[in-house]
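Structural overview
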Amino acid sequence: MRIAMTLTASALALTAICLAAGDEPTAARRGEKTAAQTSSKGGAKVAEKAAAPATARGPAASGEALEKDSAKNSADEEAIRETGATFARAYDKADAKATAAHFTADAEYVDEQGTIFQGRQAIEECLTAFFIANPGSQLEVAIDTIRFVSPGVAVEDGSTTVTRPAGGLSDYSRYTAVHVKTNGRWLTASSREHAPKDRREHVAKLQQLDWLLGEWVDEGDDSLVDFSCKAVDNGNFLLREFTVRIAGEAAMTGSQRIGWDPVSGTLRTWVFDSEGGYGEGTWHRNGDSWVLKSTGVTAEGQPASSTSLFTMVSGHAMTWQAVDREVAGVHLPDTDEYILVRAPPSPSATDTPIAKK
């Protein structure tokens, strides 16, 4: 955010602390995945063929029936997999309408947290919000089994991985989907996510902040603030590095780690600046904004605190404002509301091929 020339060194450190922690409200969770992440069908194991019971016509007749049923199930399984391939292509193109078209009109999707999206329209809206907040995401699916429980009804179990560009986190989940054959086409009637066994919550909780990934900048008349963000330590932390420049000269640099605190059950941040100041904070969501409450110590040893408000205005821009600021017990005025813009990824970050199933 813009740094006013009149700020003292202590206040500048406080502002850097405020800058270093923020987050975006997501219409469809980054700790939460969208319907797209669990409903796609990609190549993996071939399901066991269903066997027809013996009939009164004898072994030969029952064998013929078995062959016919096996052939029919095999053809239907291939059709389900082919439908899954078109689903994945639509997902990779961020085409919410085409992706949602793979569901029945009254389909139900339930995510890991138990959030229910009822109907194709609700699923499409969920996908739209996810694609806006997570541009360039790619989908990989591994099918474990496809079971035909009755003519025209199949149950699929498998796992999905959504990979985000620019060093983003990979989002892994288990799923069960029920497909029905409607007018000769296989559609998904129900999709439910299941958290993998023994998975810790750190990565999933931190995914609420995945919008921070990449490069961000705020440029004023006399100042420039930029920071980069990437996932580290197997996605258990986000590492952000920031630089504050005034009149073209670097005034301060710093780094921040963001992680999930399983003891307090909160998202927590720790920040250190190049002047010797440090701070920590926790945040929570408030409607369409995130609120970060920070406390710290300036390089001069003065206690500092503030509350930062972050609100996304698009997939590539957010507003930021610091309120309730104090340094050494002295109240400082609220800052103006500033806009930070996400820089587009470099060609090297977007041109890397993504493996497909």
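The shown structure was predicted, so the numbers you read here are calculated from the model rather than taken from an experiment.

As paired elements, strand E7 (residues 214-219) and strand E8 (residues 223-232) share six bridges and run antiparallel to each other. Bridge pairing links Gly 214 to Cys 229 in E8. If you look at the hairpin formed by E7 and E8, you'll find three residues sitting between the two strands. Here three bridges tie E7 to strand E17 (residues 338-343), and the two strands are oriented antiparallel to one another. Residue pairing for E17: Trp 216 is matched across the bridge by Arg 342.

This brings us to the confidence of the model for the chain. Across the chain, pLDDT averages 76, with 74% of residues at or above 70. The low-confidence segment residues 348-357, where pLDDT is below 50, has 13 contacts with residues more than four positions distant or belonging to other chains.

Right, let's talk about the pairing of strand E11 (residues 266-273) for a bit. The sheet contact formed by strand E10 (residues 249-261) and E11 spans eight bridges and is antiparallel. Within E11, the residue paired with Gly 259 across the bridge is Arg 268. Linkage of E10 to E11, two consecutive antiparallel strands, is achieved through a turn of four residues, within which Gly 265 is found at a positive phi near 70°. Relative to strand E12 (residues 278-286), E11 runs antiparallel, the two being bridged by six bridges. Bridge pairing links Thr 269 to Gly 281 in E12. Hairpin geometry of E11 and E12 is characterised by an intervening segment of four residues between the two adjacent antiparallel strands and by a positive phi of about 110° at Gly 276.

Take the packing of aromatic side chains next. In the structure shown here, the tally under the stated rule is eight aromatic pairs. Ring geometry for Phe 87 against Phe 103: centres 6.3 Å apart, planes inclined by 65°, an arrangement best described as edge-to-face. With Phe 87 in helix H3 (residues 59-92) and Phe 103 in strand E1 (residues 103-110), this pair connects stretches of sequence that are 16 residues apart. On the accessibility criterion, Phe 103 (1% relative accessible area) is buried. The interplanar angle of 70° and the centroid separation of 6.0 Å between the aromatic rings of Phe 148 and Trp 186 together place this pair among those described as edge-to-face. Placement of the pair is Phe 148 in strand E3 (residues 138-150) and Trp 186 in strand E6 (residues 185-194), with a sequence separation of 38 residues. Judged by its relative accessible area of 18%, Phe 148 is buried. Chaining the aromatic ring pairs together yields one cluster made of Tyr 91, Phe 130 and Phe 131. Just above the ring of Phe 237 sits the side chain of Arg 257; from NZ or CZ to the centre is 5.2 Å.

Conventions used here
- Residues numbered from 1 in each chain as written.
- Predicted model: local features only at pLDDT ≥ 70, side-chain atom pairs only at ≥ 80, totals over all residues.
- Heavy atoms only, no water.
- Pairing = 2+ DSSP bridges.
- Helix = DSSP H or I, 4+ residues; strand = E, 2+ residues; numbered from the N terminus.
- pLDDT = per-residue confidence, 0-100.
- Contact = heavy atoms within 4.5 Å.
- Phe/Tyr/Trp six-rings, centres within 6.5 Å; stacked < 30°, edge-to-face > 60°.
- Buried < 20%, exposed > 50% of the residue type's maximum accessible area, 1.4 Å probe, protein only.
- Lys NZ or Arg CZ within 6 Å of the ring centre and 35° of its normal.

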